[in-house]
Amino acid sequence: MEDLRRLERRIKYRKIKSGFILFLSFITAVYGIFWLFWIIIDVFINGFQNISFSLILEDPNPPGVEGGGLKHAFVGHFLITGIATLIGVPIGIAAGVFFTEYGRYSKIVGFMRTMTDSLVSLPSIIVGTSVYAILVKPVGHFFGLSGSVALALLMLPVIAITTAQILKLVPDSLREAAYALGAYKWQVIKDVSLVAAKRGILTGVILGIARITGETAPLLFTSFNNNFTTYNVFEPMASLTVTIFVYVMGPYEDWHKKAWASALILTFVTLIFFILAKYMVGRKKA
């Protein structure tokens, strides 16, 4: 009888403890969601009223002169992130394939994978300073391609780890069936593993692009900035994030309006990438 009462008290204590932890989790979730929506609404209210075609299609006016746009920043941001995607996606997918298909049971590869996993949370400013020391300083000036390299290094771990995890979910029976038909290993990887995991790999690519879209710190140390539209990636190149930073810190009200509008566009684009990734994950589960 005494053991039964003790068990009931223990169960009651666990229920109280579980309820308290659940309540704390709910409060912290509400707190985080509140500030998230506050930021989004604030950016939308201040940015939407200042969005115009001239913001994207026109070059900036001299400081203090109202009007003009941020064409140079949009062009530079597209070029930098586009080249970063071309660099980071193939290498990231290749690394994920190597981790799973070639070194799944290797301790050395396991250590490499652990290190790659830890790089996902590496502060972006460290990547920026590293690329500055390796590329920018020897060349002697900032240039857009170095910014692409920095962003590629940031997205590479995300794509590599996602690809490795998705390939792990491909049943070994599919690989064994392909081997039984006489396929080589590279054929099994290309025609079986990657085909079966293509939706999950695409999700990782989208998340990787979303990871670098709003980065500012690496670009401050690499591509820096430019007040004019340029398509030469071997010169200093403007980016949307750095331009927003400069305009927000500037003394002109017109700059602040353009910064709000650009921030809204950048937020909207990043949100689209995350929605696409969520959609792809949902379709995969279905």
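What comes next concerns the included structure.

## Considering the overall build of the chain
Point 1. Looking only at helices and strands, one finds twelve helices and zero strands in the chain.
Point 2. Taking 286 residues into account, the globule formula puts the C-alpha radius of gyration at 19 Å, and the chain, at 24 Å, lies well above it.
Point 3. Referenced to the eigenvectors of the C-alpha coordinate spread, the extents of the chain come out at roughly 85 × 60 × 35 Å.
Point 4. Taking all 286 residues of the chain together, the buried fraction comes to 37%.

## A look at the pattern of salt bridges
Point 1. Considering all chains together, one arrives at six salt bridges under this definition.
Point 2. The partner of Arg-104 in a salt bridge is Asp-172, with the nearest N and O atoms 3.6 Å apart. With a gap of 68 residues between them, Arg-104 in the loop between helix H3 (71–102) and helix H4 (107–119) and Asp-172 in helix H7 (residues 172–180) connect regions that are remote in the sequence.
Point 3. Assessed through its relative accessible area of 26%, Arg-104 is described here as partly exposed.
Point 4. In this structure, Asp-254 and Lys-258 form a salt bridge, with 2.5 Å as the shortest nitrogen-oxygen distance.

## Describing a positive patch on the surface
Point 1. On the surface, a cluster of positive charge is made up of Arg-6, Arg-10, Arg-14 and Lys-17.
Point 2. Within the fold, Lys-17 resides in helix H1 (residues 2–48).
Point 3. Residue Lys-17 is classed as partly exposed on the basis of its relative accessible area, which comes to 48%.

## Overview of the nonpolar core
Point 1. In this structure, Leu-151, Met-155 and Ile-212 are the most contacted members of the largest nonpolar core, which totals 18 residues.
Point 2. Elements supplying a minimum of two residues to this core: H3, helix H5 (124–139), helix H6 (144–168) and helix H9 (198–213).
Point 3. If near-sequence neighbours (up to four positions away) are discounted, Ile-212 is found in contact with Thr-81, Ala-84, Leu-151, Leu-154 and Met-155.
Point 4. If you look at the next biggest cluster of nonpolar residues, it comprises 15 residues, including Leu-70, Tyr-247, Ala-261 and Ala-263.

## Considering H9
Point 1. Taking 1.5 Å of rise per residue, 16 residues should cover 22 Å, and H9 covers 23 Å from first to last C-alpha, within 8% of that figure.
Point 2. Regarding H9, the residues found buried are Gly-200, Ile-201, Thr-203, Gly-204, Val-205, Ile-206, Gly-208, Ile-209, Ala-210, Ile-212 and Thr-213.

## Points about unusual backbone geometry
Point 1. Positive phi outside glycine occurs at Phe-224, with the angle close to 60°.
Point 2. One can find Phe-224 in the loop between helix H10 (217–220) and helix H11 (240–249).

## Details of the environment of Gly-82
Point 1. Here Gly-82 lies in helix H3.
Point 2. According to the relative accessible area criterion, Gly-82 is partly exposed, its value standing at 27%.
Point 3. On a C-alpha basis, the gap between Gly-82 and Leu-55 in space is 21 Å, while along the polypeptide they are 27 residues apart.

## Things to note about a nonpolar patch on the surface
Point 1. A cluster of nonpolar residues, Ile-33, Leu-36, Phe-37, Ile-40, Ile-41, Phe-44, Ile-45, Phe-48 and Ile-51, forms a patch on the protein surface that exposes about 870 Å² of accessible area.
Point 2. Of note, Ile-45 is situated in helix H1.

## Re the side chain of Glu-101
Point 1. In this structure, Glu-101 sits in helix H3.
Point 2. By relative accessible area, which is 9% here, Glu-101 ends up buried.
Point 3. Here Arg-175 takes part through its side chain, which lies 2.8 Å from a polar atom of the side chain of Glu-101.
Point 4. Leaving out residues up to four positions away in the same chain, Glu-101 has contacts with Leu-167, Arg-175, Lys-185, Ile-189 and Ser-193.

## Comments concerning the side chain of Thr-270
Point 1. Locating Thr-270 in the fold gives a position in helix H12 (residues 253–285).
Point 2. Relative accessible area serves as the criterion here: at 16%, Thr-270 is assigned to the buried category.
Point 3. The residues contacting Thr-270, other than those within four sequence positions of it, are Ala-210 and Thr-213.

## Details of the environment of Val-65
Point 1. Along the chain, the position of Val-65 falls in the loop between helix H2 (53–57) and H3.
Point 2. Between the C-alpha atom of Val-65 and that of Val-131, which follows or precedes it by 66 residues, the distance is 35 Å.

## As for the packing of H7 against helix H8 (residues 185–196)
Point 1. Between H7 and H8, the shortest axis-to-axis distance is 10 Å and the interhelical angle comes to 130°. One finds that H7 runs oblique with respect to H8. Where H7 crosses over H8, the two elements pack in a sense that is right-handed. Residues Leu-174, Arg-175, Ala-178 and Tyr-179 of H7 form the contact with H8, whose own contacting residues are Lys-185, Val-188, Val-192 and Ser-193.

Criteria and cut-off values
Counting of residues starts from 1 at the beginning of each chain's written sequence and follows it residue by residue. Only residues with pLDDT of 70 or above have their local features reported here, since the model is predicted, and side-chain atom pairs are shown and tallied only from 80 upward, although totals for entire chains, interfaces and linings are computed over all residues. Side-chain measures were taken over the full set of non-hydrogen atoms in the model, leaving aside hydrogen atoms and water. Numbered from the N terminus, helices here are DSSP runs of H or I no shorter than four residues, and strands are runs of E no shorter than two. Throughout, radius of gyration means the C-alpha value; the globule benchmark is 2.2 Å times the number of residues raised to the power 0.38. Here the term buried applies to any residue with accessible area under 20% of the maximum for its type, exposed to any over 50%, and partly exposed to those in between, with areas from a 1.4 Å probe on protein chains only. Each salt bridge in this description consists of a side-chain nitrogen of Lys or Arg and a carboxyl oxygen of Asp or Glu lying within 4 Å of one another. What goes into a patch is any residue over 30% in relative accessible area without a salt bridge, connected to like charges within 9 Å or, for nonpolar side chains (Val, Leu, Ile, Met, Phe, Trp, Tyr), within 5 Å. Only the protein chains shown count as cover for residues, and the accessible areas themselves come from Shrake-Rupley with a 1.4 Å probe. Only four residue types enter the tally: Lys and Arg on the positive side, Asp and Glu on the negative side; His and the chain ends are excluded. We put the charge of a Lys on NZ, of an Arg on CZ, of an Asp on CG and of a Glu on CD. Here, nonpolar core means buried Ala, Val, Leu, Ile, Met, Phe, Trp, Tyr and Cys residues that are tied together by side-chain atoms lying within 4.5 Å of each other. Throughout, a residue-residue contact means that at least one pair of heavy atoms, one from each residue, lies within 4.5 Å. For a helix, the expected span equals 1.5 Å multiplied by the residue count minus one. Polar contacts, as used here, are pairs of N or O atoms within 3.5 Å; protein pairs need one atom able to donate a hydrogen and one able to accept it. Residues neighboring in sequence count only if both atoms are side-chain atoms. Angles run from 0 to 180 degrees between N-to-C directions of axes, and those axes are lines fitted to C-alpha atoms, restricted for helices to the stretch in contact. Note on terminology: angles under 35 degrees are roughly parallel, angles over 145 are roughly antiparallel, angles of 65 to 115 are roughly perpendicular, and the others are oblique. Helix crossings are classified by the rotation of the near helix relative to the far one: an anticlockwise turn of less than a right angle makes the crossing left-handed, while a clockwise turn makes it right-handed.

Just distances and angles here, no functional claims.
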